[in-house]
Amino acid sequence: GESVGLHLPTLSVQEGDNSIINCAYSNSASDYFIWYKQESGKGPQFIIDIRSNMDKRQGQRVTVLLNKTVKHLSLQIAATQPGDSAVYFCAENRSPGRRALTFGSGTRLQVQP
Amino acid sequence: GAVVSQHPSRVICKSGTSVKIECRSLDFQATTMFWYRQFPKQSLMLMATSNEGSKATYEQGVEKDKFLINHASLTLSTLTVTSAHPEDSSFYICSARWLAGYNEQFFGPGTRLTVL
């Protein structure tokens, strides 16, 4: 069935490097995407979102890119810090009327000092 | 702003008992709240969508008689796990959709349920 998935389950980077976390989605009708960060034992924390009528959005140290042609979403974290170590989930809104989110399987980001 | 709380944060109960988990939006009104379940090292799975003043919408495979949801106000939703069994042990997380926003969902800190 349709799903939101990730290319890499674990990503290890050096402190100060840039990180890129990827996500593939298969539902072309999805109109809204969000990246969440989840630390162990805690709820997901909103990072950044993007609507389907955009292809790029920037926040503080983070950028989300949306490529609707290949159904690909990415999260870029600049100057990665140890505090960025967590599991990152992409989520998509497949049903605009209902606003429920479908989560991808997650990528663990490990930042080496 | 946009803070969501859950209570309790952790609960241990005996098999056969019922457990109630509260989800509150502390500084905003939420017409819709969502309940998720997360097993270790897995993603979040949507259980149900809760709308203030109406019946919850459950995802396929989720037993509505076992997971009772009540959304009594714009700031409070409760999930009751009835007759809990060890297989119900999980991390339960709620989220609230900001009334004034597009579809931003803000998550609570989660409730760790352990059924003995």
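Look up a bit, the structure's there.
Since the model is a prediction, treat every value here as computed from it, not as a measurement. (Residues numbered from 1 in each chain as written. Chains lettered and ligands numbered in written order. Predicted model: local features only at pLDDT ≥ 70, side-chain atom pairs only at ≥ 80, totals over all residues. Heavy atoms only, no water.)

Visitor: Just checking my understanding: could you explain the interface of chain B and chain A for this structure?
Guide: Interface size, as often reported, equals the accessible area lost upon joining of the parts. With 20 residues of chain B at the interface, the matching set in chain A holds 21 residues. The junction of chain B with chain A conceals about 1,700 Å² of combined surface from both sides, 54% of it contributed by carbon and sulfur atoms. Viewed at the interface, chain A and chain B are joined by 0 salt bridges. Contributions of two or more residues to the side of chain B that touches chain A are made by strand S4 (30-38), strand S5 (44-51), strand S9 (90-98) and strand S10 (105-107) of chain B. For the side of chain B that touches chain A, the per-class residue count stands at 9 nonpolar, 8 polar and 3 charged. (Contact = heavy atoms within 4.5 Å. Buried area = accessible area lost by both parts, 1.4 Å probe. Salt bridge = Lys/Arg side-chain N within 4 Å of Asp/Glu carboxyl O. Helix = DSSP H or I, 4+ residues; strand = E, 2+ residues; numbered from the N terminus. Nonpolar A, V, L, I, M, F, W, Y, C, P; charged D, E, K, R; others polar.)

Visitor: How do you make sense of the state of the cysteines when you look at a structure like this?
Guide: A covalent bond between the sulfur atoms of two cysteines is referred to as a disulfide. Residues and elements named next belong to chain B. As enumerated under the stated definition, the model contains 2 disulfides over all chains in all. With a sulfur-sulfur separation of 2.0 Å, Cys23 is cross-linked through a disulfide to Cys94. The disulfide joining Cys23 to Cys94 has a torsion of about 80 degrees about its S-S bond and is therefore right-handed. Taken together, the positions of Cys23 in strand S3 (residues 19-25) and Cys94 in strand S9 put the pair 71 residues apart, joining distant regions of the chain. By the burial criterion, Cys23 is buried, and Cys94 matches it. Unpaired in terms of disulfides, Cys13 finds its nearest cysteine sulfur in Cys94, a separation of 18 Å. Exposure remark for Cys13: the relative accessible area of 8% places this residue in the buried category. (Disulfide = S-S within 2.5 Å. Buried < 20%, exposed > 50% of the residue type's maximum accessible area, 1.4 Å probe, protein only.)

Read these as spatial facts, not as claims about activity.
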